[in-house]
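Understanding the architecture of this molecule
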Amino acid sequence: MAAPMAEDVGAANDSENDIAALLKSESVVDRWRFYFHETRRTYPWINTKHVTETPREIFQTCYVSVCGLIFGYAYGGYPASRLARERYIEKSQAAVYEHRVVAVRESHKAAHRGFIRYGWRWGWRLGLFGFYCSAFANVAFVAREKMDAWNYTIGATLAGGLFKANMGLRGMVGGAVICAAIGLPMGFVMATTQNAIEGEAIVALIDERRFKRLLWTHAKNAALVKPM
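As the structure is a prediction and not an experimental result, all values here were calculated from the model. (Residues numbered from 1 in each chain as written. Predicted model: local features only at pLDDT ≥ 70, side-chain atom pairs only at ≥ 80, totals over all residues. Heavy atoms only, no water.)

1. With respect to the overall build of the chain
If you tally the helices and strands in the chain, you get 6 helices and 0 strands. Reading the chain from its N end, one meets helices and strands in the order α-α-α-α-α-α. Every one of the 228 residues in the chain was classed for burial, and the buried ones make up 29%. Considering only intrachain contacts with a sequence separation of at least 6, the fraction spanning at least 24 residues in the chain is 69%. For the chain, the exposed area adds up to about 15,800 Å²; of that, 67% sits on carbon and sulfur atoms. (Helix = DSSP H or I, 4+ residues; strand = E, 2+ residues; numbered from the N terminus. Buried < 20%, exposed > 50% of the residue type's maximum accessible area, 1.4 Å probe, protein only. Contact = heavy atoms within 4.5 Å. Areas by Shrake-Rupley, 256 points an atom, 1.4 Å probe, with all protein chains shown as cover.)

Given below as structure tokens:
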């Protein structure tokens, strides 16, 4: 295998030095400004010239929201359907039906109504909480460029406080404290699992974004100093 040339080594060192200088000079706002700039290229109705794959954070947030909606629907709907069917049978003991099939069908309709009604009550709440938690955790990941338990702890804390905003300041503080206590151990488990499964991919994603952000910063600075 051929040894790397001195020019290539020097270029790599210069790139690393530039990225290190960029990390020291930029702020969280700059990182999010660049992230929004890259995200705009994803959707054809925003920019038709560049269409790339959906960013990891947006896909993950949507995935967690849908999973929360499905789990909440099952958690709240299944017990409610059984209870609604039992109540219908108790209330219709003296009812007269043309056939046994009709009675079974009516009891199943009652179970379906209970599943839809109470499943939706749990589903949208868990889906919304999952959206808040995942969105805030991904905000922390983009800002900190680290995959650890603090991202999920921050996400759970903010999600718990925002989810209980209708209960006033005391409810927001209580929800934030409870979710922070639950989010720290769960975040440790999630971060450990993600680092074990896709740790190299996350590191590569961070390095790629840093390099693109460096090029974007250079192009923006060049455009500012370009003579009229």
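Moving on from the coordinates now.
2. Notes on helix α5 (residues 149–163)
A turn of α-helix holds 3.6 residues, and therefore any two residues three or four places apart point the same way. Along its 15 residues, α5 runs 21 Å from first to last C-alpha, staying within 8% of the 21 Å computed at 1.5 Å per residue. Listed as buried for α5 are A149, N151, Y152, T153, G155, A156, A159, G160 and G161. (Expected span 1.5 Å × (residues − 1).)

3. Let's talk about the pattern of salt bridges
A complete count under the given rule lists 2 salt bridges for this structure. Here K109 makes a salt bridge to E106, at a shortest N to O gap of 3.9 Å. Of this pair, K109 and E106 both sit in helix α4 (residues 100–144), 3 residues apart, which is roughly one turn of the helix. Judged by its relative accessible area of 40%, K109 falls in the partly exposed class. According to the relative accessible area criterion, E106 is partly exposed, its value standing at 24%. Taking the shortest distance from any N to any O, the salt bridge between D148 and R144 comes out at 2.8 Å. Given the relative accessible area of 28%, R144 is considered partly exposed. (Salt bridge = Lys/Arg side-chain N within 4 Å of Asp/Glu carboxyl O.)

4. Digging into the nonpolar core
In terms of nonpolar packing, the biggest core is built from 9 residues, these being Y35, A137, F141, V142, M147, Y152, A191, I202 and I206. Other than its neighbours up to four places away in sequence, I206 contacts F141, E145 and K146. (Core = buried A, V, L, I, M, F, W, Y, C linked by side-chain atoms within 4.5 Å.)

5. Some words on the packing of aromatic side chains
As enumerated under the stated definition, the model contains 6 aromatic pairs in all. Taking 6.2 Å as the distance between ring centres and 15° as the angle between the ring planes, the aromatic pair formed by F71 and Y75 counts as stacked. Remark: Y75 and F71 occur in helix α3 (residues 56–91); sequence separation between them is 4 residues, near one turn of the helix. A relative accessible area of 48% places Y75 in the partly exposed class. Look at Y75 and W122: their rings are 4.9 Å apart centre to centre, the planes differ by 75°, and that puts the pair in the edge-to-face class. Of this pair, Y75 sits in helix α3 while W122 sits in helix α4, and the two are 47 residues apart along the sequence. Judged by its relative accessible area of 41%, W122 falls in the partly exposed class. (Phe/Tyr/Trp six-rings, centres within 6.5 Å; stacked < 30°, edge-to-face > 60°.)

6. Some words on a positive patch on the surface
Residues R113, R117, R121, R125 and K164 make up a contiguous surface patch of positive charge. Here R117 is to be found in helix α4. (Patch = residues over 30% accessible without salt bridge, like charges linked within 9 Å, V, L, I, M, F, W, Y side chains within 5 Å. Lys, Arg positive; Asp, Glu negative; His and termini not counted. Charge placed at Lys NZ, Arg CZ, Asp CG, Glu CD.)

7. Some details on a nonpolar patch on the surface
Nonpolar side chains collect at one region of the surface, where W150, I154, L158 and L184 lie side by side and expose about 370 Å² of accessible area between them. Top element by residues in the nonpolar patch is α5. It accounts for 3 residues. If you trace the backbone, I154 turns up in helix α5.

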